[in-house]
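Take a look at the letters that make up each chain.
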Amino acid sequence: MPLFATMQGMIAPLHNDTFLRACLRQPTAYTPVWLMRQAGRYLPEYRAARAKAGSFMALASNTDFATEVTMQPLDRFPLDAAILFSDILTVPDAMGLGLSFALGEGPRFARPVRDEAAVAKLEVPDMAKLRYVFDAVASIRKALNGRVPLIGFSGSPWTLACYMVEGAGSDDYHLVKSLLYSRPDLMHRVLTVNADAVAVYLNSQIEAGAQAVMIFDSWGGVLADGAFQQFSLAYTQRVLQQVRTEYEGTRVPRIVFTKGGGLWLDEIAALQPDVIGLDWTVNLAKARESVGAHVALQGNLDPAVLLAGTAQIEAQALKVLESFAAPDQASDATGHIFNLGHGVSQRTAPENVGVLVEAVHRLSRRMRTPNASVLV
């Protein structure tokens, strides 16, 4: 029996498909914009919802709360996509590692994976344990009512492994790197299970209503050249080989974001994702030249810009837009999704996010050719 009913015929048609068109490198009237961590602690309504829920996991695992929080930034700003409110560590939590969050602290696992016995116990979890995620996806799609597309996501196999082995966030990743170099066989076992679990998880999100999916390789950049290819890239590829590219006759774009991955853009592009997310250290023009026209690019404003004033935000937004396609190349602006190089800082004033979204829409429209204004 399926975890959830098919979405076909149950959801309103999409009114703003600009984000999906850009993912597939189709012409758009302007550059679409959404922000990593667009629902979060910088919003007072988010903080109120979290306080009411009592904990982060209570917030993320409750369908109504997850829907409410996902919709909060869309009620404030004319963003071009929604992203599921959840956490990248739901998959290892479903493996039985005991995920918890303390207020003001990062995630922790009660049972980290650090030896052969712990690795041997790992298996792809029953997706029924993650039904709360899929229920949230379906609920959010209904609440969006066709306003904008919904993005589902997961952590990458390597990023999940970092938390699973370290037991929490880390400054130097000494435990996971020690395991990687001393027992690569165990690390490959962890990553294989993670990759297969992530693939099933993302496919389940797509079946529940996600219209695009993103793989967050948040810690790929901490690896040495060579180790990245073996322990991160290869398992991202394993995920992509299993994740749907189409559902119910509609293309489902797949985004890969590797923080600190600028060195390996050619190799990431070779995995054939639809979109590569870029952090703020990467030059968009050089990235575009490197990967060619067969992949869209997402990014890549430094999140710290949003701590500045209106003039600086607009100037830096224009700089990013012109880096992808200068004014004299406006007709070739296809395939760019504006985003930050990482998540919105909790110190950001909500008004500054509004300034950014308006500036990206206005400036990118101005950069397009006159005929582009007739496009949806």
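Now for a quick tour of the structure. Remember, predicted model here, so these are calculated numbers, not experimental data.

### Considerations on the sheet that holds strand S1 (residues 82-83)
Argument step 1. With parallel pairing, 7 strands are arranged side by side in an open sheet as S1-S4-S5-S8-S9-S10-S11. Each edge of the open sheet carries a strand with a single partner, namely S1 and strand S11 (336-337).
Argument step 2. Relative to S11, strand S10 (residues 296-298) runs parallel, the two being bridged by 2 bridges. Looking at S11, one finds that Leu-297 is bridged to His-336.

### A short note on helix H5 (residues 90-97)
Argument step 1. Along H5, 6 of the 8 residues are buried, which leaves the element largely enclosed by surrounding structure.
Argument step 2. Along H5, the positions that sit buried rather than exposed are Thr-90, Val-91, Pro-92, Ala-94, Met-95 and Leu-97.
Argument step 3. Residues of H5 that are buried sit in contact with strand S2 (99-101), strand S3 (107-109), helix H7 (131-144), helix H8 (157-166) and helix H10 (184-208).
Argument step 4. Two residues or fewer past H5, Gly-98 is found with a positive phi of approximately 75°.

### Things to note about H7
Argument step 1. The first and last C-alpha atoms of H7 sit 20 Å apart over 14 residues, in line with the 20 Å expected at 1.5 Å per residue.
Argument step 2. Every buried residue of H7 is accounted for by Tyr-132, Val-133, Phe-134, Ala-136, Val-137, Ile-140, Arg-141 and Leu-144.
Argument step 3. Following H7 by one or two positions, Asn-145 adopts a phi angle in the positive range, close to 55°.

### With respect to the pairing of strand S4 (residues 150-155)
Argument step 1. Of all 6 residues in S4, 6 are buried, a share of seventy percent or more.
Argument step 2. Residue alternation in S4 divides its side chains into two sets, Leu-150, Gly-152 and Ser-154 and Ile-151, Phe-153 and Gly-155, and both sets are buried.
Argument step 3. Of the strand pairs in this sheet, S1 and S4 are connected by 2 bridges, and their pairing is parallel. Looking at S4, one finds that Ala-82 is bridged to Leu-150.
Argument step 4. When S4 meets strand S5 (residues 212-217), the two strands line up parallel, connected through 5 bridges. Within S5, the residue paired with Gly-155 across the bridge is Phe-216.

Here is what the cut-offs are and how they apply
- Residues numbered from 1 in each chain as written.
- Predicted model: local features only at pLDDT ≥ 70, side-chain atom pairs only at ≥ 80, totals over all residues.
- Heavy atoms only, no water.
- Pairing = 2+ DSSP bridges.
- Helix = DSSP H or I, 4+ residues; strand = E, 2+ residues; numbered from the N terminus.
- Buried < 20%, exposed > 50% of the residue type's maximum accessible area, 1.4 Å probe, protein only.
- Contact = heavy atoms within 4.5 Å.
- Expected span 1.5 Å × (residues − 1).

So yeah, pure geometry; function would need other evidence.
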